[in-house]
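# Per-entry structural report
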Amino acid sequence: MRWLVGWSSIAASFGTAGRVSDRRTSANGHANGNGSGGYGSGGHGSAGCGSSGYGSSGYGHDGGGHDGGGHGLPHADPPRGGLADAASADDPAAQDADRTVHPVGAQLLWGDPDPLWAVGDWRPDEIRTVTADPADPFTRLAVLGCCGATDAELRRGLYAARGGALRHLTEWSGSYTAVVQAGRRITVLGDVAGARPVFYTPWAGGTAYATAALPLADLIEAQLDIGHLAALLACPDSPEALGDGTPYAGVRRIPPGHTLILREGSREITGYETVASLAVAAPEADAGRAVEGVREALVDAVRARLTAPRHAPDTLVPDPGPVPGMGPADRRAARGAPAPGVGADLSGGSASATLALLAAGLPGAPGTLPGSGSRLLAVTFNDLATPQGREGELERAHAIAASPRLHHVVVAAAEEALPYAELDGPLTDEPGPSLVTAARERRRLAAGSADHFTGHGARQVLDAHPARMADLLLDRRRRHLLRPVAALARSASASGESLLVPLTVYAAARRLARTPYRAGIEAAAARLREGGLTPSLTGPVDASLAALTWSRPGPAAAWLTGEALAEVSIRLAAAAGRPPLSPRPGEARARALLARHAADHRVFEQAVEVRSQRLHAPFLDNQVVRAARALPESLRVQPGARAAILRTVLASAGVRELPPGWGVTAHTPNETATRLGLRAALPGLLDLFDAPLLADAGLIEARVVRQALLDAADGRPVPLDGLAELVSMELWLRRLLARRGTCWTGTSTPRRRAVPALDTALPRLTPAALPRPTGPIPHP
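Residues numbered from 1 in each chain as written. Predicted model: local features only at pLDDT ≥ 70, side-chain atom pairs only at ≥ 80, totals over all residues. Heavy atoms only, no water.

### What to know about a negative patch on the surface
Filter applied, for reference: Patches were defined on residues exceeding 30% relative accessible area and lacking a salt bridge, with like-charge contacts within 9 Å and nonpolar side-chain contacts (Val, Leu, Ile, Met, Phe, Trp, Tyr) within 5 Å. Accessible surface area values rest on a Shrake-Rupley calculation with a 1.4 Å probe, where residue burial reflects the displayed protein chains alone. Just to be clear on terms, a salt bridge is a Lys or Arg side-chain nitrogen sitting within 4 Å of an Asp or Glu carboxyl oxygen. Counted as positive: Lys and Arg. Counted as negative: Asp and Glu. His and the chain ends are not counted at all. For charged residues, the charge sits on one atom: NZ in Lys, CZ in Arg, CG in Asp, CD in Glu. Helix numbers and strand numbers start at the N terminus; a helix is a DSSP run of H or I with at least 4 residues, a strand a run of E with at least 2.
On the surface, a cluster of negative charge is made up of E415, E416, E422 and D424. Examined against the element boundaries, E415 turns out to sit in the loop between β16 (406–413) and α9 (438–445).

Okay, here's the thing in structure tokens:
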């Protein structure tokens, strides 16, 4: 885990954080030192590792900590910084200089009066700081992550940001977080997709911010927000239900495409992205020029990773020697250490293949370290437990890997890599459905490289949300609906109802186009109160019809109690009176779906983390998302649009020979593997829901979920993705309450951590305060 944290207090003399000495900051403005500690120390058996295990070690350390010094420089004194157990500047605790609070294992980037720390296993090249003028040390910029900007570009960006121009700070290639200090004004910029979020909370008369929610929850000793957990299960794709909350009460999240501005403790949240108008339709962009913009953004995103310094694993487990049937790479992957250099997923799908071919085709040495070859490591996962249905993808992966610039590695696994096979893992910042498949994905990624490309986000960025058809109707472009509606009719031809599909889909899109935002959200709230939930979706037509709405319940909503659904309905009803981020239903739902996927991808990165490895998802970069949003809607809604766009991108980059079947619509998640994993892990899952914490919070009834697990294992129609969300949240709650560490040290209390008291950890929803649903809650 890697995160940054800082705060802005009201008075400049309140709780100073110490100054960064000259030996910790180089002359060119780059930060020296590579902090370690993740959520404190205690992961992988060594202090300072960024990923802590589940159990007594928890995230963080009970006290103390160490501060990493990098580049061979002598260690400075431990950073003394922050506000010491004080609620205001006049609090006597603020005058106690011996008690200062700072993150465990932190690297101080700049000090008083508004300190900033970097915590975790950051690489030296991932932390960059520049100052506008040596005579003005309080006008500075920190960029953390992979950023393709040069030092001169960073300095020019700082000059412009000093005057208030912020959007250009998000226009460099790569994935990063930028923090600007101009006097007592602190500006923290989130990304466009939401993969690098920013959180904040009021604290000690000011505002603390971080790129992770758990450290702030530890700082204020926050309790769980049960209403937010209910919204995550009931309406995960609806920002109206989730709001700006987090699982921790009092910790807030800024929306994607927004920035947090702090002025001596006061805060302001403002957006830097333009919003389309509903009154006037924008002229349709040129399709060829828009696709060319996607190509340039993708190439720049890949190049930013390839031009960064290459890294090898920090420590390699000793090789036990030759093993029959295993080569050196296989033995290294079995020991859980990534290979040096750059690699990529190669599943046979269009997104991962595009990134692998772009990375392998760029000039220079795209793959391994200099002197050991220039081939890029391509990893394909072969599920031996359920080989049926994926033969075409494996054949395409082998055909693509025939390129001489690719070194192909196939990771084969059987029952040991099924979903739900291993449910022990690290504590993530938030719950996410990837927790049930983390062991499966970690096995694949361990065979990858120190810098590994994934195609995550391509579907959400490039594909058209079904609600885009309503936007076309708003713009009076009905003729562009012919091909997508015809494709849906062909998919339903086996049921004999294909003749009614075009009329049904068109009527649903027309109804959504004529439904105002407020009416749509209020209807969704009433639907939750009345219990009118759809048990499951049986095909693409049903999925498209369900998506043609302002808000829809998630797959786990049918298992929630009436009190939980009523709580979420209250949230939706309150949100109906606020203006939407976008008045166009298609654009609003597409942005909400992308934000949800980006948040899940962030949890995925934490759950599958392999030491010394970085996962790169270029499709979630700011410039790639913006280039994809410039694509005309008439192009995006056509069947096979994503494959056609990526084929054009590859052709422009010089890759024109692709295997037959490349770009076919990817199948749905492997239901057979999921059911096999459920059946194998059924005794443990039943024990998990024997006395679940979700039931203690009033969100579910344990017997109903246990019956659903039995039905899923027996092959009955049950929303499997909804069960994954329930199991993941239960696992996350147990890991959170079992932790013993904290992210902070230097406080008067022995341990400052979230959910400090177990007896008050799960405040149950009170039925008396919430209206009961008037209709029955159908069983999935």
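### Brief notes about the side chain of R123
What counts is decided by this rule: Exposure classes here rest on a 1.4 Å probe applied to the protein chains alone. A residue is buried below 20% of its type maximum, exposed above 50%, and partly exposed in between. For this analysis, a polar contact is any N or O atom pair within 3.5 Å, provided that within protein one partner can donate a hydrogen and the other can accept it, and provided that sequence-adjacent residues contribute only side-chain to side-chain pairs.
Within the secondary structure, R123 sits in the loop between β4 (116–120) and β5 (127–133). When its relative accessible area of 8% is taken as the criterion, R123 is described as buried. Among the polar contacts listed, one links the side chain of R123 to the side chain of D451, at a separation of 2.9 Å. At 3.5 Å, the side chain of R123 forms a polar contact with the backbone oxygen of S612.

### Some points on the packing of helix α5 (residues 287–306) against helix α20 (residues 641–652)
Put simply, the rule reads: Angles here are taken between N-to-C directions and fall from 0 to 180 degrees, while the axes themselves are lines fitted to C-alpha atoms, restricted in helices to the stretch in contact. The sense of a crossing depends on the near helix, which, turned anticlockwise from the far helix by less than a right angle, makes the crossing left-handed and, turned clockwise, makes it right-handed. Contact criterion: two residues are considered in contact whenever any of their non-hydrogen atoms come within 4.5 Å of each other. Only Asp, Glu, Lys and Arg are considered charged, only Ala, Val, Leu, Ile, Met, Phe, Trp, Tyr, Cys and Pro nonpolar, and every remaining residue, Gly among them, polar.
At their nearest, the axes of α5 and α20 sit 9 Å apart, and the two run at 65° to each other. Seen from above, α5 lies across α20 with right-handed handedness. Residue-level inspection shows V291, E292, V294, R295 and L298 of α5 in contact with α20, the latter providing I645, L646, T648, V649 and S652. Of the residues that constitute the contact of α5 with α20, the class distribution is six nonpolar, two polar and two charged.

### Brief notes about the pattern of salt bridges
It is possible for side chains of opposite charge to pair when their charged atoms get near one another. Here the structure, examined in full by the defined rule, presents 37 salt bridges. Linking D225 and R571 is a salt bridge whose minimum nitrogen-to-oxygen distance equals 3.6 Å. Here R571 lies in helix α16 (residues 562–575) and D225 lies in the loop between α2 (213–220) and α3 (226–234), a separation of 346 residues in the sequence. For D225, a relative accessible area of 19% puts it in the buried group. Notably, a salt bridge pairs R602 with E430, separated by 3.4 Å at the nearest N-O pair. Residue R602 is found in helix α17 (residues 585–607), and its partner E430 is found in the loop between β16 and α9; the two are separated by 172 residues along the sequence. This pair shows no difference in class: R602 is buried, exactly as E430 is. Through salt bridges with shared partners, one network takes in R2, D121, E126, E609 and R614.

### Concerning unusual backbone geometry
Glycine aside, negative phi is the norm for most residues, and most peptide bonds take the trans geometry. With phi around 55°, E221 is a residue other than glycine that occupies positive phi space. Topologically, E221 is positioned in the loop between α2 and α3. Its relative accessible area of 31% is what places E221 among the partly exposed residues.

### A look at the sheet that holds strand β7 (residues 174–182)
The line we're drawing: A strand pair is defined by DSSP finding two or more bridges across the two strands.
The sheet built from six strands is open, its strands ordered β5-β6-β7-β8-β12-β13 with antiparallel pairing. Each having just a single partner strand, β5 and β13 (266–271) make up the two edges of the open sheet. Taking each pair of neighbouring strands and ignoring which way they run, the sheet shows an average axis angle of 15°. Pairing between strand β6 (residues 136–147) and β7: nine bridges, direction antiparallel. Its bridge partner being in β7, G145 is matched across the sheet by Y176.

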